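# Understanding the architecture of this molecule
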Amino acid sequence: DVKVTQSSRYLVKRTGEKVFLECVQDMDHENMFWYRQDPGLGLRLIYFSYDVKMKEKGDIPEGYSVSREKKERFSLILESASTNQTSMYLCASSLPGDRGSRNTEAFFGQGTRLTVV
Amino acid sequence: DQQVKQNSPSLSVQEGRISILNCDYTNSMFDYFLWYKKYPAEGPTFLISISSIKDKNEDGRFTVFLNKSAKHLSLHIVPSQPGDSAVYFCAASEDNFNKFYFGSGTKLNVKP
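The paragraphs below set out a description of the structure included in this document. Each residue is numbered by its place in its chain's sequence as written, counting from 1. Numbering of ligands from 1 and lettering of chains from A proceed in the order in which they are written. Local features in this predicted model are restricted to residues whose pLDDT is 70 or higher, and side-chain atom pairs enter the listing and the counts only when it is 80 or higher, whereas totals over whole chains, interfaces and linings include all residues. Values reported for side chains reflect all heavy atoms of the structure, with hydrogen atoms and water molecules removed beforehand.

## Some thoughts on the overall build of chain B
- In terms of helices and strands, chain B carries 0 helices and 11 strands.
- A run of DSSP states H or I qualifies as a helix once it reaches four residues; a run of E qualifies as a strand once it reaches two. Both are numbered from the N-terminal end. Listed N to C, the secondary structure of chain B is β-β-β-β-β-β-β-β-β-β-β in terms of helices and strands.
- Throughout, the radius of gyration refers to the C-alpha atoms, and the reference size of a globule is 2.2 Å times the residue count to the power 0.38. Scaling as 2.2 N^0.38, a compact globule of 112 residues should have a C-alpha radius of gyration of about 13 Å, and chain B matches this with 13 Å.
- In terms of its C-alpha atoms, chain B occupies a principal-axis envelope of roughly 40 × 30 × 20 Å.
- Buried residues are those whose accessible area, probed at 1.4 Å on protein chains only, stays under 20% of the maximum for their type, while exposed residues exceed 50% and partly exposed ones sit between those limits. Burial status across chain B gives 48% buried among its 112 residues.
- For this analysis, residues touch if any pair of their heavy atoms sits within 4.5 Å. Put simply, 55% of the contacts in chain B that link residues at least 6 apart link residues at least 24 apart.
- Residue-level accessible areas treat just the shown protein chains as cover; the underlying method is Shrake-Rupley with a 1.4 Å probe. Here chain B has roughly 5,200 Å² of accessible surface; of this, 48% comes from carbon and sulfur atoms.
- Across chain B, the mean location of the 12 positive side-chain charges is 5 Å away from that of the 11 negative side-chain charges. Charged-residue counts in this description rest on Lys and Arg as positive and Asp and Glu as negative, His and the chain ends being excluded. The atoms used to mark charge sites are NZ of Lys, CZ of Arg, CG of Asp and CD of Glu.

Now the structure itself:
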């Protein structure tokens, strides 16, 4: 059974803190993603990684960085947390498109609800 | 500007009737489309997908229709059940399947 695991379900952090959100997948997927979900805005892509040590900015990368040192692990870092980063954070993984397979849906973790106070 | 749009934030349907959720996109390079279902405090789960070479894909009670000329897709749920009550997200990707773009979601409420 495929699994994407996020290290925390709920987090409360103070403004200015450095925050690490961890994500691990056991499907040997090349692609990993970080999204945030906000009411009325849906899921917005923060960062995307298509291989170890490779990363690409998504639509809203400001205030975030990422780390992918191992294939199975993708970390999202909030350098200095702010209240507007209070959100639900979702990690996902998928196979790359160059496999020729059309079964390339993204598999999501359970989400981390981050509150910055 | 969002490339995938779901213009109905919510939909209420009676149990046993059909639910129709709509989605529009602007990027003509999208060629793979997906629907996800999300319950509160959980991650989205994959529901059904369709490639741009098709105009319909069916899986049990769920059918997705694609109209490429109109850049529009829809999800039909027949018959609707109370357990279908959730937020539904439409998503799309380009031919390299490397990125998924999501709509803002439609909250479906199926009334018993």
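## Structural notes on the pairing of strand β3 (residues 19-25) of chain A
All names here are of chain A.
- Of the two faces of β3, only the one carrying Val19, Leu21, Cys23 and Gln25 is buried; Phe20, Glu22 and Val24 on the other face are not.
- Two strands make a pair as long as DSSP finds a minimum of two bridges between them. Direction of pairing for β3 relative to strand β8 (residues 73-78): antiparallel, over a ladder of 6 bridges. When the bridges of β8 are listed, Val24 appears paired with Arg73.

## Things to note about the environment of Leu90 of chain A
- With respect to the helices and strands, the residue Leu90 of chain A is situated in strand β9 (residues 87-94).
- Along the sequence, Leu90 of chain A and Phe33 of chain A sit 57 residues apart, while their C-alpha atoms lie 8.1 Å from each other.

## Some details on the sheet that holds β8 of chain A
All names here are of chain A.
- Ordered in space as β1-β3-β8-β7, the 4 strands form an open sheet in which the pairing is antiparallel. Looking at the sheet topology across the chains shown, the edges are occupied by β1 (4-6) and β7 (64-70). Here the strands of the sheet are splayed against their neighbours by 20° on average, with no regard to which way each runs.
- Relative to β8, β7 runs antiparallel, the two being bridged by 5 bridges. The residue of β8 that forms the bridge with Val66 is Leu76. Angles shown run from 0 to 180 degrees and are taken between the N-to-C directions of axes, each axis being a line fitted to C-alpha atoms and, for helices, limited to the stretch in contact.

## What to know about the state of the cysteines
Residues and elements named next belong to chain B.
- Here, the term disulfide refers to a pair of cysteine sulfur atoms separated by no more than 2.5 Å. As enumerated under the stated definition, the model contains 2 disulfides over all chains in all.
- A sulfur-sulfur distance of 2.0 Å marks the disulfide that ties Cys23 to Cys90. One quick way to see it: the torsion about the S-S bond of Cys23 and Cys90 is about -70°, and its sign makes the bridge left-handed. Taken together, the residues span a long stretch of sequence, with Cys23 in strand β3 (residues 19-25) and Cys90 in strand β9 (residues 86-94) at a distance of 67 residues.
- In this structure Cys90 comes out as buried when scored by relative accessible area, which is 0%.

## Some thoughts on a nonpolar patch on the surface
- Within the patch definition used here, like charges are joined within 9 Å and nonpolar side chains (Val, Leu, Ile, Met, Phe, Trp, Tyr) within 5 Å, considering only residues with over 30% relative accessible area and no salt bridge. What counts as a salt bridge is simple: a side-chain nitrogen of Lys or Arg found within 4 Å of a carboxyl oxygen of Asp or Glu. Together, Ile18, Ile20 and Val78 of chain B line one region of the surface with nonpolar side chains, adding up to about 230 Å² of accessible area.
- Structurally, Ile20 of chain B can be placed in strand β3.

## Some words on the packing of aromatic side chains
- Centres within 6.5 Å make a pair out of two Phe, Tyr or Trp rings, where for Trp the six-membered ring is used; the pair is then stacked when the planes are under 30 degrees apart, edge-to-face when over 60, and tilted otherwise. With the rule as written, the count across this model stands at 14 aromatic pairs over all chains.
- Taking 6.0 Å as the distance between ring centres and 45° as the angle between the ring planes, the aromatic pair formed by Phe48 of chain A and Tyr50 of chain A counts as tilted.
- Ring-pair connections join several aromatic residues into one group, and the members of that group are Phe33, Tyr35, Phe48, Tyr50 and Phe108 of chain A together with Tyr36, Phe46, Phe100 and Phe102 of chain B.

## A closer look at the sheet that holds strand β8 (residues 72-77) of chain B
Residue and element names in this part refer to chain B.
- Strand order across the open sheet formed by 5 strands is β1-β3-β8-β7-β6, with antiparallel pairing between neighbours. On the outer flanks of this sheet lie β1 (4-5) and β6 (56-59), each paired with one strand and no other.
- Bridge count between β6 and strand β7 (residues 62-67): 4 bridges; the pairing is antiparallel. Following the sheet pairing, Glu58 is matched in β7 by Thr63.

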